[in-house]
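Examination of the molecular architecture
If you want the building blocks of each chain, they are given just below.
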Amino acid sequence: MTAGTQGAIGIIGGGAWGTALAQVAAAGGPALLWAREPDVVTSINSRHENSLFLPRVALDRQVRATADLGDLVECDALLVVTPAQHMRAVLAGMPRLACPLILCAKGMEEATRKLMHDVAREEQPDAPIAVLSGPTFAHEVAARQPAAVTLAVEDAEVGERLLARLARPWFRPYLSDDVIGAEIGGAVKNVLAIACGVVDGRGLGLNARAALISRGFAEMTRFGLARGARAETLAGLSGLGDLVLTCSSTNSRNFSLGKGLGEGGSAADLLADRRTVAEGAFTAPVLHRAAAEVGIDMPIVAAVCALLTGEASAAAVVEQLLARPLRAEGG
Ligand SMILES: NC(=O)C1=CN([C@@H]2O[C@H](COP(=O)(O)OP(=O)(O)OC[C@H]3O[C@@H](n4cnc5c(N)ncnc54)[C@H](O)[C@@H]3O)[C@@H](O)[C@H]2O)C=CC1
Ligand SMILES: O=C(CO)COP(=O)(O)O
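Residues numbered from 1 in each chain as written. Chains lettered and ligands numbered in written order. Predicted model: local features only at pLDDT ≥ 70, side-chain atom pairs only at ≥ 80, totals over all residues. Heavy atoms only, no water.

The chain has the name Glycerol-3-phosphate dehydrogenase [NAD(P)+] in an unreviewed UniProt entry, where Allosphingosinicella deserti is given as its organism. The UniProt entry for the chain carries the following comment under Pathway (unreviewed entry): "Membrane lipid metabolism; glycerophospholipid metabolism." Here is the UniProt Subcellular location (unreviewed entry) comment for the chain, exactly as written: "Cytoplasm". (UniProt positions renumbered as here; feature names shortened; annotations may be inferred.)

Here it is, written out as structure tokens:
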């Protein structure tokens, strides 16, 4: 056991978001972050900065990093912040845990079409599960600019404990018990952000972007309700809130990917060699199939899939969306 893990929050994943959340956790006690990249561990421990994934942010001295996942097992709770496609392998590589796991990745597993809480439960059946999701660009949170998130936890007592440990005046979790709703909002908004980026890349204007956000939200709601999410969660921070944020700025990796596609770039080129993750590119095909399974129409998600596979150009998918039959708004 590493000295100083008592009362510590562990963070699994040293990307931009894991590092920003370590900064949040460190404001209330020790924070121990596991990173895959030895350079990240060295950079945090020697310079109090994650120069690879969150450069130019001075980290709290209470943030320490380790290259050994085993060092985290005695932490009070673990924030799980790997990209969605890697979460299963990382959790499977740990001993059986009993502390709460707070899942922070926004996506669905490609191979199984499962949400993250289902994956976590399969790999760590004894650990209480929570989901933390909302409109939060990592660099703003790390700089302690105000933000609010949904903290969805089935066990209310665990929720209260996590709230007490993680809340700050500038980082406000709102409790919910709708784990499915919190996860679906975060996963779907990434795909819709790619679509909004396309609108921007093609110079289609702000009216078109607002229309796409609204119709995208209708898709998120249809799918979410069919999968057991609550409407109020989808309209909250982890759904509509994050959709608006991510669809509004090139600070979003998903929006930027879409913008590149809209400007005529190919998905293969835009995704090649990128070190940071654009989760929507992985979620789009999974979501498309999952929607078909429950008989839900998601035309914007289908358009993003066609663009990502190269089946259709940006011009063609926009044309197809605009040619869809007119219908009642709530239908
Ligand atoms: N960056 C942000 O502002 C936010 C990100 N998120 C979510 O957090 C999750 C992590 O994203 P970021 O921290 O931004 O990542 P990032 O894009 O900054 O860094 C990539 C991460 O992927 C990890 N990685 C690459 N290959 C891996 C493997 N084989 N096994 C395990 N990990 C591997 C790297 O170690 C690194 O931690 C994503 O699901 C993202 O949607 C959620 C809220 C905000
Ligand atoms: O989830 C995010 C903000 O809430 C980050 O968005 P991107 O992954 O698109 O950068």
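1. Concerning the overall build of the chain
Along its length, the chain carries 15 helices and eight strands. Taken over the C-alpha trace, the chain has a radius of gyration of 19 Å; the compact-globule value for 331 residues is 20 Å, and the two agree within 12%. When the backbone C-alpha atoms are referred to their principal axes, the chain occupies close to 65 × 35 × 35 Å. Long-range pairs, those at least 24 residues apart, make up 69% of the contacts in the chain between residues at least 6 apart in sequence. Total accessible area on the chain is roughly 13,800 Å²; 53% of this is exposed by carbon and sulfur atoms. Side-chain charges of the chain comprise 30 positive and 35 negative groups, with the mean position of each set lying 4 Å from the other. (Helix = DSSP H or I, 4+ residues; strand = E, 2+ residues; numbered from the N terminus. Rg over C-alpha atoms; globule rule 2.2 N^0.38 Å. Contact = heavy atoms within 4.5 Å. Areas by Shrake-Rupley, 256 points an atom, 1.4 Å probe, with all protein chains shown as cover. Lys, Arg positive; Asp, Glu negative; His and termini not counted. Charge placed at Lys NZ, Arg CZ, Asp CG, Glu CD.)

2. Quick notes on the UniProt feature "domain: Glycerol-3-phosphate dehydrogenase NAD-dependent C-terminal" (unreviewed entry) in the chain
Per the UniProt record, the feature "domain: Glycerol-3-phosphate dehydrogenase NAD-dependent C-terminal" (unreviewed entry) sits at residues 178–318. Secondary structure over residues 178–318 splits into 74% helix and 0% strand, and the C-alpha atoms at its two ends are 34 Å apart.

3. Let's talk about helix α4 (residues 116–123)
Residues of α4 that are buried include every one of M116, H117, V119 and A120, and no others. An end-on view of α4 places all buried positions within 160 degrees of arc, on one side of the element. Contact partners of the buried residues in α4: α3 (87–92), β5 (101–103), β6 (129–133) and α7 (179–201). (Buried < 20%, exposed > 50% of the residue type's maximum accessible area, 1.4 Å probe, protein only. Arc of directions from axis to C-beta.)

4. Some points on unusual backbone geometry
With a phi angle near 55 degrees, H48 is a residue other than glycine that sits in the positive phi range. Inspection of the secondary structure puts H48 in the loop between α2 (38–47) and β3 (63–66). We classify H48 as buried; its relative accessible area is 14%.

5. Some thoughts on the layout of surface pockets
Considering only enclosed or pocket space, the largest pocket measures out at about 1,200 Å³ in volume. Lining the largest pocket we find 45 residues, and of these A16, P83, R253, T276 and V277 sit closest to its centre. Looking at the lining of the largest pocket, the elements with two or more residues in it are α1 (16–26), α5 (138–142), α7, α10 (237–246), α11 (253–262) and α13 (279–293). When grouped by side-chain class, the residues that make up the lining of the largest pocket number 19 nonpolar, 16 polar and 10 charged. Mapping the lining of the largest pocket onto the domain boundaries places at least three of its residues in each of domain 1 (9–177) and domain 2 (186–322). Of the volumes computed, that of the second largest pocket is approximately 660 Å³. Lining the second largest pocket we find 25 residues, and of these R215, I300, L321, L322 and R324 sit closest to its centre. Looking at the lining of the second largest pocket, the element that brings in the most residues is helix α8 (residues 206–226), giving six residues. Here the lining of the second largest pocket is composed, by residue class, of 19 nonpolar, no polar and six charged. (1 Å grid on protein atoms, 1.4 Å probe; cavity = no way out; pocket = protein on both sides within 12 Å on 5 of 7 lines; lining within 4 Å. Points joined across faces, edges and corners; volume = space filled by probe spheres on them. Nonpolar A, V, L, I, M, F, W, Y, C, P; charged D, E, K, R; others polar. Domains from an automatic or database assignment.)

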